[in-house]
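# Coordinates in review
The lines below spell out each chain.
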Amino acid sequence: MLFLLAFTGSALAQPGYPPAPAPPPQPKAVWDSRGWTMLGEQTVSGGVDSDTIRVGRYQGKFDKLQVVVLDSDLELLGFTITYADGTRYDPKLAQFFKEGQRTRAFDMPPAAPVIDHIDLRYRNLPGGGRARVQVWAKGNITVTPPPKPVWDSTGWQMLGEQQVSGGVDHDTIRVPRYEGKFAKLQLVALDSDLELLGFTIVFADGTRYDPKVTHFFKEGQRTRAINMPPQIQQIDHIDLRYRNLPGGGRARVQVWGQKIAVAEPAWDPKGWVLLGERTIDGRIDHDRIDVPKRAGKFTKLTIVALDSDFELIDFSVQFGRGAPWHPSLRHLFKEGQRTRAIDFPGDERTIKAIDFKYANLRGGGRARIQVWAKPDVAGSVFDSRGWTLLGERTVDGNVDHDRIEVARYEGKFRKLSIVVLDSDLQLLDFDVKMGRGPSFHPSLRHQFKEGSRSRVIDLPGDDRVIKWIDLKYKNVAGGGRAKIQVWAK
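These notes cover the structure that comes with them. (Residues numbered from 1 in each chain as written. Predicted model: local features only at pLDDT ≥ 70, side-chain atom pairs only at ≥ 80, totals over all residues. Heavy atoms only, no water.)

## Considering the overall build of the protein
The condition is simple: Where helices and strands are cited, they refer to DSSP runs of H or I of at least four residues and of E of at least two residues respectively, numbered from the N terminus. Throughout, a residue-residue contact means that at least one pair of heavy atoms, one from each residue, lies within 4.5 Å. For every accessible area listed, the method is Shrake-Rupley and the probe measures 1.4 Å; residues are considered covered only by the protein chains on display.
What the protein contains, in helices and strands, is one helix and 36 strands. Put simply, of all contacts in the protein between residues at least 6 apart along the chain, 80% involve residues at least 24 apart. Counting every atom, the protein has about 26,400 Å² of accessible surface; 51% of that belongs to carbon and sulfur.

Have a look at this one:
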């Protein structure tokens, strides 16, 4: 019998017989992640690599941790857990991992605080690919739902919004289209958690300001209101550096500004006729105001903005005859602001229609726009009979100085009066230089409405010869370029 067994074995090995079948491949172990939460994932980029997984976005504590290796074999050189209180824990893990292998589930030390981050040090094995490393946690995990922004944005202007596209991202928000200065700024994080790495404000004069801002933001969280430095300038742009946190989505960042409060003058419609009103319904809107013929003729137009800021893209007036007229207007209007008084060209003053193209500003509400016109009525707000016009000046800037030289041959005068045209005006100083003696500073009220005039001012003393008149004034915020006339009697 021993001979037969030996013969049989030898016969099976002879040529012509099929080889024995290879053993079936062993299936890779399937990682059952039920009940586990992935804290983060990193790819080993080079021979020796170091990475950090931030875990601050999770509230609560973990009972167990586990490491999973994918795509290639890996040598783990270091694994350190750092807690929120600064303490560190170095669990002893096997140093060589096969692709698809995971560590044992190792327990956290008793009374361990919340994990802040995990530092990893590893390398790919020669001849292998780029391994991926995942860290998973299990235990008493309490993830707080992201709170919705509850802050009141009334009085704040959204300067811009950016989405964090990758691990570390850099963006610039340009702010030159907004007029004025901002007293405070605020950041809001949406859609995911975010780590802010840098925040720099660059002003129009080139100076820079780096406010100290908390680095980690929860979804829906906002910063404190950041005060601008003293003697602030208009903001040109804001530079941001940030990154999404591992395991989170793509965060959005919004920057909001609160402007320095400037009291706008109330719009006095006395003597004006409302031709129509429209509401801006979308980002870019077109509207027309038809004016009936019975409305008569007009000499001037002005536009008033209500309820929100808006951008005027185009503005045309169709008169009774001829081509449409496109007056030159600045493009951005603040809520409650109005244009200068716009004089019509030529003699044709009958309006058929007014066409608009405009847009709401991002972050604002739905603006309303009103068009007012001044009727062409006989007569003037100032009866100049018996008065002599000494001179007229136009207020060219915010604060303006002018002098009116009075020719000596015009003789002596007993009274003065000031007339303001085309827009409201704030008079800051008024100085009359007589033929001899000190200058005369009459006491005048500071705010003049368009079309108004001062009281009649009696000149002092016996010498009524005027050499010159010095004026210091400024246009009122939201108004146009005022004209000022000085009359004498």
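## Brief notes about the pattern of salt bridges
For clarity, the threshold we go by: Between Lys or Arg on one side and Asp or Glu on the other, a salt bridge is scored when a side-chain nitrogen of the former is within 4 Å of a carboxyl oxygen of the latter. A 1.4 Å probe rolled over the protein chains alone gives each residue an accessible area, and that area as a share of the maximum for its type sets the label: buried under 20%, exposed over 50%, partly exposed in between.
Evaluation of the coordinates by the stated rule reveals nine salt bridges. The shortest N-O distance in the salt bridge between Asp 470 and Arg 403 comes to 2.6 Å. Placement of the pair is Asp 470 in strand S35 (residues 466-475) and Arg 403 in strand S30 (residues 400-405), with a sequence separation of 67 residues. The exposure class of Arg 403 is partly exposed, given its relative accessible area of 36%. Here Asp 458 ties to Lys 415 by a salt bridge, and the two come within 2.7 Å at their closest N and O atoms. On the criterion of sequence distance, the pair formed by Asp 458 in strand S34 (residues 457-458) and Lys 415 in strand S31 (residues 415-421) is long-range, its members being 43 residues apart. Three or more residues joined by partner-sharing salt bridges are found here, namely Glu 41, Asp 71 and Arg 132.

## Overview of the sheet that holds strand S23 (residues 298-306)
To summarise the sheet geometry, strands pair through backbone hydrogen bonds and adopt either a parallel or an antiparallel arrangement. The cut-off we apply is this: Whether two strands pair depends on DSSP finding at least two bridges between them.
Strand order in the open sheet formed by four strands is S21-S28-S23-S26, and the pairing between neighbours is antiparallel. Every other strand in the sheet has two partners, leaving strand S21 (273-279) and strand S26 (342-343) as the edge strands with one partner each. Bridge analysis of S23 against S26 gives two bridges, and the strand direction is antiparallel. Among the inter-strand pairings, Lys 300 is bridged to a residue of S26, identified as Asp 343.

## A look at the sheet that holds S30
If you trace the four strands from one edge of the open sheet to the other, you get S30-S35-S32-S33, paired in antiparallel fashion. The sheet terminates laterally at S30 and strand S33 (447-448), the two strands that pair on one side only. Pairing between strand S32 (residues 425-434) and S33: two bridges, direction antiparallel. The partner of Gln 426 across the bridge, within S33, is Gln 447.

## Side note on the environment of Ala 131
Tracing the sequence through the fold places Ala 131 in the loop between strand S9 (115-124) and strand S10 (132-138). On a C-alpha basis, the gap between Ala 131 and Val 69 in space is 6.7 Å, while along the polypeptide they are 62 residues apart. The residues touching Ala 131, leaving out its near neighbours within four places in the chain, are Gln 42, Thr 43, Val 44, Val 69, Leu 70, Ser 72, Asp 73, Leu 74 and Asn 124.

## Focus on the packing of aromatic side chains
The line we're drawing: Pairing of aromatic side chains here covers Phe, Tyr and the six-membered ring of Trp, requires ring centres within 6.5 Å, and sorts the geometry by plane angle: under 30 degrees stacked, over 60 edge-to-face, intermediate tilted.
All chains considered together, the criterion is met by five aromatic pairs. A ring pair is formed by Phe 319 and Phe 344, whose centres lie 5.2 Å apart and whose planes are at 75°; its orientation type is edge-to-face. A residue pair is termed long-range when its members are at least 10 positions apart, and Phe 319 in strand S24 (residues 310-319) and Phe 344 in the loop between S26 and strand S27 (351-360) qualify at 25 residues. When its relative accessible area of 7% is taken as the criterion, Phe 344 is described as buried. On the basis of an interplanar angle of 20° and a centroid distance of 5.5 Å, the ring pair of Phe 356 and Tyr 358 is categorised as stacked.

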